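# An overview of the molecular structure
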Amino acid sequence: MRYITIALSKGRLTELSISLLEGAGIDCSELKESSRKLILTDEKNRIRFFLAKPADVPVYVEYGAADIGIVGKDTLLEEGRDLYEVLNLGFAKCRMCVAGPKELEGKMDSIAITRVATKYPEIARTYFRHKRRESVEIIKLSGSVELAPLVGLSEVIVDLVETGRTLKENGLVVLDTIADISARMVVNRVSMKMENQRIRKLIDAIRGQLERAPPLSLRGKWQSMRLFRWLCPPRNDI
Ligand code: PRP
């Protein structure tokens with residue numbers, strides 16, 4: 001039986017993705033060990049995993065290097081890859097928004113926006129071109145996007161808003177919501193046909209796990225797992 005390969009996003013999504021897979025009966029013990037190994041396996045279920053930069057996950061899945069991926073909807077919208085989005089995993093919830101200074105609130109339709117700063121140029125371009133039919137210059141930044149309107153780099157930004165705290169502390173407000181974002185499970189189109197039974201079984205197990213334990217309650221499970229690892233570090237941590 002061939003391995004089913006799962007690409008997981010490195011960073012914010014990693015912990016809850018692992019908890020979710022574990023809850024669905026997948027052995028993630030190799031994944032949880034701190035090691036330099038790039039590909040980790042659950043031999044019993046013939047599943048292998050790797051961690052990749054979030055933006056690379058849809059690439060691995062589209063090309064079939066991974067059958068399945070767990071990645072944020074923001075990355076899916078930005079990358080625009082040809083994949084099946086099979087499950088909304090419901091965690092890492094936030095919104096993709098247009099934000100700017102308070103003075104622009106309610107004035108989006110009457111002012112001319114010339115520059116937009118963002119980590120998500122494709123999402124911003126599509127929004128301004130198709131939804132607002134405006135021609136704007138998109139300026140790609142790598143982080144701390146909220147800085148742009150404060151220092152005069154752009155009038156507005158397109159960025160993720162989770163609690164709204166970063167905007168608030170910098171005197172910015174949401175001017176429009178582009179999309180609701182959360183973690184999603186995606187599947188390669190060919191794998192979905194060739195390994196249909198095994199992939200469907202996995203999707204059902206994860207869906208069942210989501211119904212039994214809402215994503216946030218998985219956090220406690222992960223924290224106790226981290227405490228365990230701290231108390232009993234794997235050999236290669238010593
Ligand atoms: C993200 C996002 C916002 C912030 C929103 O940034 O780009 O800046 O979180 O969160 P909040 O609404 O809860 O304040 P991240 O922390 O990834 O850092 P970055 O700005 O360096 O990309």
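Residues numbered from 1 in each chain as written. Predicted model: local features only at pLDDT ≥ 70, side-chain atom pairs only at ≥ 80, totals over all residues. Heavy atoms only, no water.

## What to know about helix H1 (residues 14-23)
A large share of H1 lies buried, amounting to seven of its ten residues. Thr14, Leu16, Ser17, Ile18, Ser19, Leu20 and Leu21 are the residues of H1 that are buried. Phi turns positive, to about 90 degrees, at Gly25, one or two residues after H1. (Buried < 20%, exposed > 50% of the residue type's maximum accessible area, 1.4 Å probe, protein only. Helix = DSSP H or I, 4+ residues; strand = E, 2+ residues; numbered from the N terminus.)

## Some points on the site of the ligand
The local shell around the ligand holds 13 residues, among which Arg12, Lys119, Glu146, Thr163 and Thr166 are the closest. Contact between the ligand and Thr163: an oxygen atom at 2.5 Å from a side-chain N or O atom of the residue. Contact with the protein chains covers 72% of the free accessible surface of the ligand, which is 490 Å². When contributions to the shell around the ligand are tallied by element, the ones reaching two or more residues are strand S9 (156-161) and helix H7 (165-169). Residue contributions to the shell around the ligand peak at three residues, all from S9. (Near = heavy atom within 4 Å. Polar contact = N/O pair within 3.5 Å; in protein donor to acceptor, adjacent residues only side chain to side chain. Areas by Shrake-Rupley, 256 points an atom, 1.4 Å probe, with all protein chains shown as cover.)

## What to know about helix H9 (residues 196-212)
Between its first and last C-alpha atoms H9 spans 24 Å; for 17 residues at 1.5 Å apiece the expected length is 24 Å, and the two agree. What H9 keeps buried is the set Arg198, Ile199, Leu202, Ile203, Ile206, Gly208, Gln209 and Leu210. (Expected span 1.5 Å × (residues − 1).)

## Things to note about the sheet that holds strand S2 (residues 39-42)
If you trace the six strands from one edge of the open sheet to the other, you get S2-S3-S1-S4-S11-S5, paired in mixed fashion. Both outer strands of the open sheet, S2 and strand S5 (84-88), are each paired with one neighbouring strand and no more. For this sheet, the mean inter-axis angle between neighbouring strands, taken without regard to orientation, is 25 degrees. Running at roughly 145 degrees to strand S1 (residues 4-9), H1 makes contact with S1, strand S3 (47-52) and strand S4 (68-72) of the sheet. In the packing of H9 onto the sheet, the strands contacted are S1, S3, S4, S5 and strand S11 (183-187), and the crossing angle to S5 comes to about 25 degrees. (Pairing = 2+ DSSP bridges. Axes fitted to C-alpha atoms, helices over the stretch in contact; angles between N-to-C directions. Contact = heavy atoms within 4.5 Å.)

## Considering the pattern of salt bridges
Applying the stated rule across the entire model yields 16 salt bridges. Notably, a salt bridge pairs Asp67 with Arg2, separated by 2.8 Å at the nearest N-O pair. Highlighted residues: Asp67 in the loop between helix H3 (57-62) and S4 and Arg2 in the segment before S1, separated in sequence by 65 residues. Overall, Asp67 belongs to the buried group, its relative accessible area being 2%. (Salt bridge = Lys/Arg side-chain N within 4 Å of Asp/Glu carboxyl O.)

## Some remarks on the confidence of the model for the protein chain
On average, residues of the protein chain score 88 in pLDDT, and 89% of them are at 70 or above. Confidence drops under pLDDT 50 across residues 219-238; counting only partners more than four residues distant or on other chains, this segment forms 20 contacts. (pLDDT = per-residue confidence, 0-100.)

## A few points about the state of the cysteines
Tallying each qualifying case throughout the model produces zero disulfides. Cys97 takes part in no disulfide bond, and the closest cysteine sulfur to it belongs to Cys94, at a distance of 8.7 Å. (Disulfide = S-S within 2.5 Å.)

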